Amino acid sequence: MIEVKPFRGIRYNEGKVKDIAAVVCPPYDVISEEQKEFYYQKSPYNIIRVILTKEEDNVDKYQKAGQYFTQWLKEGVLFKEREESIYVYAQTYQYAHKQLTRLALVALFKLAEFGQGIYPHEKTLREPTIDRLKLIESTKAQCGQVFVLYDDREKIVENRLKSYIQNSPIIDIKTTGDIQHQLWKIVDPLVHKFIAQKMKEFNIVIADGHHRYITALQYCLLYTSPSPRDLSTSRM
């Protein structure tokens, strides 16, 4: 059983950033050095500066990441939503000469150790966990999502989400590879309650983001447990 909640997301301000496609990038752990430079050049506000900050002489890269994040909030480049929301995300792409769309919900879910409703499929390593922990400590934010799967065979949650994608999205962009990314916002508390109640029926499996998940759990334990355990390495 997992606990899902809406949250006040932090988004780019389209009044300050005219091209949202110029400020997004893939997850940090699939970006090469060449790609890193490419995203740095796309925009001075590309999120690459936060999630994969360049090494500079006499400058701590995690401190620099925190400075970027804080400054963008102060300047209004980023803003925090006024209302709590659950978001609907659609990614449309071509595969084997077919157009496919995968649909997801974006929400908070309560941290738990592996085996307590959430399951991994790979081991985590110490170095990347420490790396992401330093980033969370400097930004006080989770700057990368954890991609999870759940077994809703009747597609009850998916069908509820689909009822929202008939409306205009709040974000609609294309990125490298002609991949379309769209985002909708659900603010209705009754729908939040419906989704939360349904999600309690499922266990979830992490498809991608094991280190981001373990890092979030480690950060939680550091500030809530009198004697936190080191979770930087884990077994399946």
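The model shown is predicted, which means the values in this text are computed figures rather than measured ones.

(A) Spatial organisation of unusual backbone geometry. A positive phi angle, near 50 degrees, is found at Ala96, a position not held by glycine. By secondary structure assignment, the location of Ala96 is in the loop between strand S4 (86-95) and strand S5 (98-106). If you check the backbone angles, His97 has positive phi at about 65 degrees while not being a glycine. Along the chain, His97 falls in the loop between S4 and S5.

(B) Local environment of the pairing of S4. Direction of pairing for S4 relative to strand S10 (residues 179-186): antiparallel, over a ladder of seven bridges. Residue Ala90 lies in a different strand from S10, and its bridge partner there is Gln182. Relative to S5, S4 is paired through nine bridges, and the arrangement is antiparallel. Bridge assignment links Tyr95 to a residue of S5, and that residue is Lys98. Between the end of S4 and the start of S5, which pair antiparallel, lie two residues, with Ala96 showing a positive phi angle near 50 degrees.

(C) Expanded view of the nonpolar core. In terms of nonpolar packing, the biggest core is built from 28 residues, with Tyr12, Ile20, Val50 and Trp72 touching the most fellow members. Of all the secondary structure elements, the ones that give two or more residues to this core are helix H1 (33-42), helix H2 (48-51), helix H3 (61-75) and strand S9 (171-175). Tallying contributions element by element places H3 first for this core, with five residues. Non-local contacts of Val50, meaning those with residues more than four positions away in its chain, are made with Ala65, Tyr68, Phe69, Trp72, Leu135, Thr139 and Cys143. Among the nonpolar cores identified, the runner-up in size contains 22 residues, and Val88, Ile204, Tyr213 and Leu217 belong to it.

(D) Just the pattern of salt bridges, in detail. Taken as a whole and judged by the stated rule, the model has eleven salt bridges. Note that Lys198 and Glu201 form a salt bridge whose closest N and O atoms lie 2.8 Å from each other. The class of Glu201 is exposed, set by a relative accessible area of 54%. With a closest N to O distance of 3.2 Å, Asp208 and Arg212 form a salt bridge. Of the residues examined, Arg212 reaches a relative accessible area of 7% and is grouped as buried. Through salt bridges with shared partners, one network takes in Arg11, Glu81, Glu83 and Lys185.

What counts, and where the lines are drawn
- Residues numbered from 1 in each chain as written.
- Predicted model: local features only at pLDDT ≥ 70, side-chain atom pairs only at ≥ 80, totals over all residues.
- Heavy atoms only, no water.
- Helix = DSSP H or I, 4+ residues; strand = E, 2+ residues; numbered from the N terminus.
- Pairing = 2+ DSSP bridges.
- Core = buried A, V, L, I, M, F, W, Y, C linked by side-chain atoms within 4.5 Å.
- Buried < 20%, exposed > 50% of the residue type's maximum accessible area, 1.4 Å probe, protein only.
- Contact = heavy atoms within 4.5 Å.
- Salt bridge = Lys/Arg side-chain N within 4 Å of Asp/Glu carboxyl O.

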